[in-house]
Amino acid sequence: MLQVSLYRYNPETDDAPYMQDFSVDTEGRDLMVLDVLELIKAEHDGSVTYRRSCREGVCGSDGLNINGKNGLACISPLSESVKNNKLVIRPLPGLPVIRDLVVDMSLFLRAVRKGAAVFAERDARPRD
Amino acid sequence: MRTISFDGVIVGGGGAGMRAALQLAQSGYKTAVISKVFPTRSHTVSAQGGITCAIASADPNDDWRWHMYDTVKGSDYIGDQDAIEYMCSVGPEAIFELEHMGLPFSRTEEGRIYQRPFGGQSKNYGEGGQAARTCAAADRTGHALLHTLYQNNVKNETVFFNEWFAVDLVKNQDGAVVGVIAICIETGETVYVKSKATVFATGGAGRIYASTTNAHINTGDGMGMALRAGVPAQDMEMWQFHPTGIYGAGTLVTEGCRGEGGYLINKDGERFMERYAPNAKDLAGRDVVARSMIMEILEGRGCGPNGDHVKLKLDHLGEEVLESRLPGICELSRTFAHVDPVKEPIPVVPTCHYMMGGIPTNIHGQALTVDSEGNDRVIPGLYACGEVACVSVHGANRLGGNSLLDLVVFGRASGLFIEKSLREGIELRDASQSDIDAASERLQALNDRASGESVAPLRRELQEIMQNHFGVFRTGEFMRDGIAKLASLRERVEAVVLADRSSAFNTSRIECLELQNLFETAEATAIVAEARDESRGAHARDDFTERDDQNWLCHSLYHSDGQRVSKRGVNFTPHTVETFQPKARSY
């Protein structure tokens with residue numbers, strides 16, 4: 001049984017975040033971290049909250065902090081992520097947490113928009 | 001419930017939605033995009049191979065009419081020829097526009113856009129051999145396209161409602177669409193988003209199948225909302241099974257691999273497509289290739305201990321070609337198949353990929369229904385573009401690279417038409433309180449329900465019914481079993497229970513609402529699949545193996561109230577070229 005520890009926080013009910021532990025039966029398969037989250041949500045606790053979409057490492061939705069390292073859950077196999085049979089999953093660091101593993105990306109996105117404006121401005125000037 | 005008003009609202013932030021948004025953002029009208037995910041997470045991002053278009057880069061003699069012929073033939077003759085003519089002829093304009101927006105296409109030595117060979121593409125109306133017509137950015141063209149469109153929307157200050165989920169259409173007393181009920185996922189607030197023009201660009205629904213190339217988010221939300229609101233669905237039996245989904249994972253490996261010279265082999269190492277499609281071989285239409293693979297497997301020549309897949313051989317292309325033109329699939333193969341394509345072939349199997357069917361529209365993106373006399377009637381206020389629409393440019397089978405073209409051509413066309421309509425003035429009666437209540441009923445019922453089954457096992461059950469009964473090969477009796485299973489599943493799906501009652505970022509609520517959309521899409525598929533008693537394009541029946549042009553050279557139409565199936569005519573009258581007459585279809 002894999003020991004999984006998930007960062008939980010519900011702004012409506014929790015004063016502070018906490019870690020919740022789960023024992024997950026992976027049946028010996030080298031699943032991706034995302035598969036483990038899906039398993040927990042389907043079979044243990046349907047309120048576990050995270051973002052995901054493509055499940056193939058191309059959309060960026062499931063960026064998480066996995067055993068201390070940031071990565072995309074859908075292309076992080078257990079064989080490369082688990083330490084001492086334990087998997088600790090936290091939201092991406094440095095951004096405010098909306099709920100559980102979902103962070104508020106708006107600061108980051110505002111910076112991206114400013115960058116887009118710089119390129120647009122540069123392209124508008126006539127070339128030498 | 002709060003109301004926010006717009007002139008135009010686009011539901012869905014993928015390629016089609018964002019192209020429509022760009023058009024409207026530049027118009028000066030008050031418009032917004034509602035997307036249940038951050039726009040660059042939309043499934044367009046995973047499209048790999050390219051955008052097919054006759055820009056005459058690889059071949060200076062290339063002609064959009066050849067592309068049109070290929071597309072009409074690819075559709076097995078139920079694609080609307082006027083719409084296909086429009087798409088293929090304006091295509092080059094759309095591609096150069098993308099180039100000017102900054103899409104980083106791969107380039108030839110001369111600096112022109114790189115075009116690769118793709119399935120079903122020929123020169124000179126099928127007589128001149130394989131054509132290289134698919135414009136590409138390595139093997140991540142969709143990624144490049146989506147990010148280019150997003151950046152241009154940012155530049156044009158498009159208003160985005162990101163992580164908002166549209167729940168149901170609001171219709172007024174005249175039956176016109178006047179907006180949607182939507183949930184702000186972050187806060188849980190439910191809002192009436194009022195609009196003079198509502199565009200559905202909600203994408204596909206591959207998640208009705210257990211094995212699919214599609215993302216988790218492809219849950220047929222537009223189809224669900226449309227069917228519940230009495231909008232018909234067209235050609236829902238036409239589901240494309242892409243030949244090369246990675247065995248086990250379902251992840252897509254682009255047709256571009258075969259375009260670059262890769263080919264499929266059975267357990268004997270034989271390039272079996274030489275037998276099934278002597279001319280085009282591995283680049284025959286996807287439906288033809290998928291069926292050939294299944295037949296190899298059924299006849300005992302499949303690979304692996306269970307003989308349940310075949311292999312895609314790429315090592316002969318050499319490391320340089322693979323790493324420069326197909327870097328994405330090299331990664332995917334290593335991650336999901338544990339195979340390095342530079343050294344070994346990739347295990348693959350036909351996998352549910354694309355919904356040819358959808359909301360019937362004209363080339364302006366206006367949603368259509370059919371009146372009691374069988375005449376087309378526009379549904380005021382509702383538009384659709386992209387995978388959720390059925391214009392129809394793909395008919396019974398879509399050619400590779402035509403989807404990305406479809407997105408930008410019809411995204412733009414919808415935007416242009418709505419802009420023109422807004423300028424002419426759109427007058428729609430306001431929704432009454434009872435109209436708004438009707439649109440909120442499903443959400444209310446979910447929120448009020450105290451007991452029922454959980455979403456995950458119900459979803460799994462639905463997916464297995466579809467996977468087993470409505471796959472690549474279908475039989476009447478087995479489909480009727482599937483339909484009966486769906487009928488008894490309906491009640492249980494309608495009574496799905498929330499695992500989480502909070503307001504803030506409640507994904508359980510979204511998954512329950514999505515499950516109901518998956519169900520509507522699945523049931524529509526099942527019923528029309530059983531009704532169309534012929535084989536055409538992607539719809540292959542063991543009990544009706546031939547095409548029946550006498551009875552079925554037409555679209556199927558499905559109305560969920562009464563589960564009524566009817567037929568709708570195909571357009572055979574393009575404006576500037578002669579009709580491409582239906583012929584036996586072989587590659």
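What you see is a predicted model; the values in this text were computed from it and never measured.

A. Expanded view of the overall build of chain B. Scanning chain B from terminus to terminus reveals 16 helices and 22 strands. Here chain B has a C-alpha radius of gyration of 23 Å; the compact-globule value for 587 residues is 25 Å, and the two agree. Residue burial in chain B is summarised as follows: out of 587 residues, 66% are buried. Considering only contacts within chain B whose residues lie at least 6 apart along the sequence, 73% involve residues at least 24 apart. Summed over its atoms, the accessible surface of chain B is roughly 19,800 Å², and 46% of this surface lies on carbon and sulfur atoms. If the 58 positive side-chain charges of chain B are averaged to one point and the 77 negative ones to another, these points end up 1 Å apart.

B. Representation of the interface of chain A and chain B. On the side of chain B, 38 residues touch chain A, which itself brings 33 residues to the contact. Between chain A and chain B, roughly 2,800 Å² of surface is buried when both sides are summed, and carbon and sulfur atoms account for 55% of that area. In this structure, the connection of chain A to chain B is made through 3 salt bridges. When the shortest N-O distance is used, the salt bridge between Glu163 of chain B and Arg51 of chain A registers 2.6 Å. Mapped by element, the contributors of at least two residues to the side of chain A that touches chain B are α1 (33-43), β6 (97-99) and α3 (106-124) of chain A.

C. View of the nonpolar core. Residue and element names in this part refer to chain B. Core analysis: the largest hydrophobic core is formed by 75 residues, its most contacted members being Phe200 and Ile359. The leading source of residues in this core is helix α15 (residues 507-531), at 12 residues. Apart from the residues within four sequence positions on either side, Phe200 is in contact with Val11, Leu169, Val180, Gly222, Met225, Ala226, Ile359, Leu382, Tyr383, Ala384, Cys385 and Val388. Core analysis: the second largest hydrophobic core is formed by 65 residues, Ala16, Leu22, Leu149 and Ile418 among them.

D. Main features of the side chain of Asp168 of chain B. Residue and element names in this part refer to chain B. In this fold, Asp168 is placed in strand β7 (residues 164-171). The exposure class of Asp168 is buried, given its relative accessible area of 7%. Polar contacts involving the side chain of Asp168 include one to the side chain of Arg442, which spans 3.0 Å. Contacts of Asp168, omitting those with residues within four sequence positions, involve Gly179, Val180, Ile181, Met225, Arg228, Ala439 and Arg442.

E. Inspection of the pairing of strand β1 (residues 2-8) of chain A at higher detail. All names here are of chain A. Among the 7 residues of β1, 6 are classified as buried, and the element is accordingly described as predominantly covered. Bridge count for β1 against strand β2 (residues 18-24) is 7 bridges, and the pairing is antiparallel. Bridged to Arg8 within β2 is Tyr18. Sheet topology note: the β1/strand β5 (residues 86-90) ladder contains 4 bridges and is parallel. Considered in β5, the bridge of Gln3 is made with Lys86.

F. Main features of the packing of helix α3 (residues 81-101) of chain B against helix α11 (residues 402-424) of chain B. All names here are of chain B. Taken N-terminus to C-terminus, the directions of α3 and α11 make an angle of 90°; their axes are 9 Å apart at the nearest point. Regarding the angle of α3 to α11, the classification is roughly perpendicular. For the pair α3 and α11, contact is made by Ala83, Tyr86, Met87, Val90, Gly91, Glu93, Ala94, Ile95, Glu97 and Leu98 and by Asn402, Leu405, Asp406, Val408, Val409, Phe410, Arg412 and Ala413, respectively. For the contact of α3 with α11, the per-class residue count stands at 12 nonpolar, 2 polar and 4 charged.

G. Structural context of unusual backbone geometry. All names here are of chain B. Cis geometry is adopted by the peptide bond preceding Ser392, which originates at Val391 and carries an omega value of 5°. Phi at Ala138 takes a positive value of approximately 45°, unusual for a residue other than glycine. When you line up the elements, Ala138 lands in the loop between β5 (130-135) and α4 (141-155).

H. Structural view of the packing of aromatic side chains. All names here are of chain B. On inspection of all chains with the given rule, the structure shows 12 aromatic pairs over all chains. Measuring from centroid to centroid gives 6.0 Å for Tyr69 and Tyr125, while their planes differ by 85°, and the two rings are edge-to-face. Note that Tyr69 is positioned in helix α2 (residues 64-74) and Tyr125 in the loop between β4 (115-122) and β5, a separation of 56 residues in sequence. Residue classification places Tyr69 among the buried positions, given a relative accessible area of 8%. Residues Phe161 and Trp164 carry aromatic rings whose centres are separated by 5.0 Å and whose planes lie at 90° to one another, so their mutual orientation is edge-to-face.

I. Quick look at helix α1 (residues 15-25) of chain B. All names here are of chain B. Counting buried positions along α1 yields 10 of 11 residues, so the element is predominantly enclosed. All buried positions along α1 are accounted for by Gly15, Ala16, Gly17, Met18, Arg19, Ala20, Ala21, Leu22, Gln23 and Leu24. Of the surrounding secondary structure, the elements contacted by the buried residues of α1 are β1 (2-11), β2 (31-35), α3, α4, β6 (159-162) and α11.

J. Focus on the pattern of salt bridges. Residue and element names in this part refer to chain B. Taken as a whole and assessed by the stated rule, the structure comprises 59 salt bridges over all chains. Put simply, Asp282 and Arg271 hold a salt bridge, and the shortest N to O gap is 2.6 Å. Here the residue Asp282 occupies a position in the loop between α7 (273-276) and α8 (286-298), and Arg271 occupies one in the loop between β12 (263-265) and α7, the gap between them amounting to 11 residues. Between Glu534 and Arg532 there is a salt bridge whose closest N-O contact spans 2.8 Å. In this structure Glu534 comes out as buried when scored by relative accessible area, which is 0%. Assessed through its relative accessible area of 0%, Arg532 is described here as buried.

K. Representation of the sheet that holds β5 of chain A. Residues and elements named next belong to chain A. Taking strand neighbours across the sheet as the criterion, the 5 strands line up as β2-β1-β5-β3-β4 in an open arrangement whose pairing is mixed. The sheet terminates laterally at β2 and β4 (69-72), the two strands that pair on one side only. Between one strand and the next, the sheet's axes are offset by a mean angle of 30°, whatever the strand orientation. Contacts between α1 and the sheet are confined to β1, β2, β3 (63-66) and β5, with β1 contributing the most and set at about 80° to the helix.

L. View of the confidence of the model for chain B. Confidence in the prediction of chain B, expressed as mean pLDDT, is 97, and 100% of residues score 70 or more. Across the interfaces of the predicted complex, the ipTM metric reaches 0.95, alongside a pTM of 0.96.

M. Inspection of the packing of helix α5 (residues 221-228) of chain B against α15 of chain B at higher detail. Residues and elements named next belong to chain B. Running from N to C, α5 and α15 point in directions that differ by 75°, and their axes come no closer than 8 Å. By the angle between their directions, the pair α5 and α15 is classed as roughly perpendicular. Within the contact between the two elements, α5 uses Asp221, Met223, Gly224, Met225, Leu227 and Arg228 and α15 uses Glu514, Gln516, Asn517, Glu520, Thr521 and Ala524. Taken together, the residues of the contact of α5 with α15 sort by class into 4 nonpolar, 4 polar and 4 charged.

N. Representation of the pairing of β4 of chain A. Bridge analysis of β3 of chain A against β4 of chain A gives 4 bridges, and the strand direction is antiparallel. Residue pairing for β4 of chain A: Gly63 of chain A is matched across the bridge by Leu72 of chain A.

O. View of the sheet that holds strand β14 (residues 346-355) of chain B. Residue and element names in this part refer to chain B. On the basis of which strands lie adjacent, the open sheet formed by 4 strands has the order β11-β14-β13-β12 and antiparallel pairing. The two strands at the open ends of the sheet, each matched to only one other strand, are β11 (239-246) and β12. Each strand axis lies, on average, 50° off the axis of its neighbour in the sheet, ignoring direction. Relative to β14, strand β13 (residues 310-313) runs antiparallel, the two being bridged by 3 bridges. From the neighbouring strand, Lys311 faces β14, where its bridge partner is Pro347.

What counts and how
- The numbering scheme is per chain: residues are counted from 1 as the chain's sequence reads.
- Throughout, the order in which chains and ligands are written sets their labels, letters from A for the former and numbers from 1 for the latter.
- For this predicted model, a pLDDT threshold of at least 70 governs which residues receive local features, and a threshold of 80 or more governs which side-chain atom pairs are given and counted, while totals over whole chains, interfaces and linings are taken from all residues.
- Remark: hydrogens and water are excluded; side-chain values derive from all non-hydrogen atoms of the structure.
- Strands are runs of DSSP state E lasting at least two residues, helices are runs of H or I lasting at least four, and both sets are numbered from the N terminus onward.
- The globule rule used here is 2.2 Å times the number of residues to the 0.38 power, and the radius of gyration it is set against is calculated over C-alpha atoms.
- Partly exposed describes any residue whose relative accessible area lies between the buried limit of under 20% and the exposed limit of over 50%, with all areas from a 1.4 Å probe on protein chains only and scaled to the type maximum.
- Whether two residues are in contact is decided by their heavy atoms: any pair within 4.5 Å suffices.
- All accessibility values rest on the Shrake-Rupley procedure with a 1.4 Å probe; residue burial counts only the protein chains present in the view.
- Positive: Lys, Arg. Negative: Asp, Glu. His and the chain ends are not part of the count.
- One atom stands in for each charge, and that atom is NZ of Lys, CZ of Arg, CG of Asp or CD of Glu.
- Buried area is calculated as the accessible area (1.4 Å probe) missing from two parts once they are joined, with the contributions of both summed.
- Definition used for salt bridges: Asp or Glu carboxyl oxygen within 4 Å of a side-chain nitrogen of Lys or Arg.
- Only buried residues count toward a nonpolar core, which is a set of Ala, Val, Leu, Ile, Met, Phe, Trp, Tyr and Cys residues joined through side-chain atoms within 4.5 Å.
- For this analysis, a polar contact is any N or O atom pair within 3.5 Å, provided that within protein one partner can donate a hydrogen and the other can accept it, and provided that sequence-adjacent residues contribute only side-chain to side-chain pairs.
- At least two DSSP bridges between two strands are needed for those strands to be called paired.
- Lines fitted to the C-alpha atoms define the axes, with helices restricted to the stretch that makes contact. Angles between their N-to-C directions range from 0 to 180 degrees.
- Any angle that is under 35 degrees is reported as roughly parallel, and any over 145 degrees as roughly antiparallel; angles of 65 to 115 degrees are reported as roughly perpendicular and all others as oblique.
- All residues other than Ala, Val, Leu, Ile, Met, Phe, Trp, Tyr, Cys, Pro, Asp, Glu, Lys and Arg, Gly among them, are scored as polar; the first ten of these are nonpolar and the last four charged.
- Two rings from Phe, Tyr or Trp (for Trp, the six-membered ring) form a pair when their centres sit within 6.5 Å of each other. Planes less than 30 degrees apart are called stacked, planes more than 60 degrees apart edge-to-face, and all others tilted.
- pLDDT runs from 0 to 100 and stands for how confident the predictor is about each residue.

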